[in-house]
Amino acid sequence: MSTEVVKLEGYEGPGFMATSLDKAIGLARKNSLWPLPFATSCCGIEFMATMASTYDLGRFGSERLSFSPRQADLLMVMGTIAKKMGPVLRQVYEQMAEPKWVIAVGACASTGGIFDTYSVLQGIDRIIPVDVYVPGCPPRPEQILDGVLKIQDLVHNESLRRRNSAEYREMLASYGME
Ligand code: SF4
């Protein structure tokens, strides 16, 4: 896998290039995502491999992990989330500043996985919005990287106004958030 050089859409000529603010900010954001790893079980180990030298998430500008929600813009939830832990996860999400994105890594975070029991949350999208789901039990590091690339696409192409849109507010309201 190699990182690709993205050429911004716009007008260019000898010695100049003009593009829109949306596109320039999207490009900067997508290549400087700061993930918050919310790892509770085995999928977290795959994430450790994703950060290590062979897969090296740093190639995509995301080597700076944040364990403070206020300095993170990508929440990566990896592992089984017990219902008791749900309020904690939701609080972490709410403490992150906008714009923010969420990846559910693996079957447990996405759907509860093999733990179809009374004590396990059957998917984190029951309590917080999710942008990308990564399948697998556990997903391989390549799949986690693929999830991050999909987030990068969303980030790059997201309108600066999306977070103020009625649709976005409605979606947050459906989770009981403002
Ligand atoms: S999806 Fe599988 S590997 Fe990942 S946390 Fe659940 S049981 Fe573990």
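One can find the structure itself at the top, above this paragraph.
Residues numbered from 1 in each chain as written. Predicted model: local features only at pLDDT ≥ 70, side-chain atom pairs only at ≥ 80, totals over all residues.

Peer 1: Account for the site of the ligand, with residues named and values stated.
Peer 2: The full set of residues close to the ligand is Ser 41, Cys 42, Cys 43, Gly 79, Thr 80, Gly 106, Ala 107, Cys 108, Gly 113, Ile 114, Cys 137 and Pro 138. Put simply, the parts of the chain that give the shell around the ligand at least two residues each are helix H2 (42–51) and helix H4 (106–111). Here the shell around the ligand takes 3 residues from H4, the largest share from any one element. (Near = placed C-beta within 6 Å. Helix = DSSP H or I, 4+ residues; strand = E, 2+ residues; numbered from the N terminus.)

Peer 1: Quick rundown of the pairing of strand E4 (residues 74–78)? Include the residues and the values.
Peer 2: Within E4, 5 of the 5 residues are buried, which leaves it mostly tucked inside the rest of the structure. In E4, alternate side chains face the same way, and those of Leu 74, Met 76 and Met 78 on one face and Leu 75 and Val 77 on the other are all buried. Pairing of strand E3 (residues 35–39) with E4 involves 5 bridges; the strand directions are parallel. By the bridge assignment for E4, Ala 39 is matched with Met 78. This β-α-β element, E4 to helix H3 (residues 86–95) to strand E5 (residues 101–105), shows right-handed connectivity. (Buried ≥ 20, exposed ≤ 12 C-beta atoms within 10 Å, placed from the backbone. Pairing = 2+ DSSP bridges. Right-handed = clockwise from strand over helix to strand, strands pointing away.)

Peer 1: I'd like a rundown of the nonpolar core, residues and numbers included.
Peer 2: Among the nonpolar cores identified, the biggest contains 36 residues, and Leu 75, Met 76, Val 77 and Val 105 are the most heavily contacted of them. Listed by contribution, the elements that provide at least two residues to this core are E3, H2, E4, H3, E5, H4, strand E6 (132–134) and helix H5 (141–157). Contacts of Leu 75, omitting those with residues within four sequence positions, involve Leu 36, Phe 38, Val 92, Tyr 93, Met 96, Lys 100 and Val 102. (Core = buried A, V, L, I, M, F, W, Y, C linked by C-beta atoms within 7 Å. Contact = placed C-beta atoms within 7 Å.)

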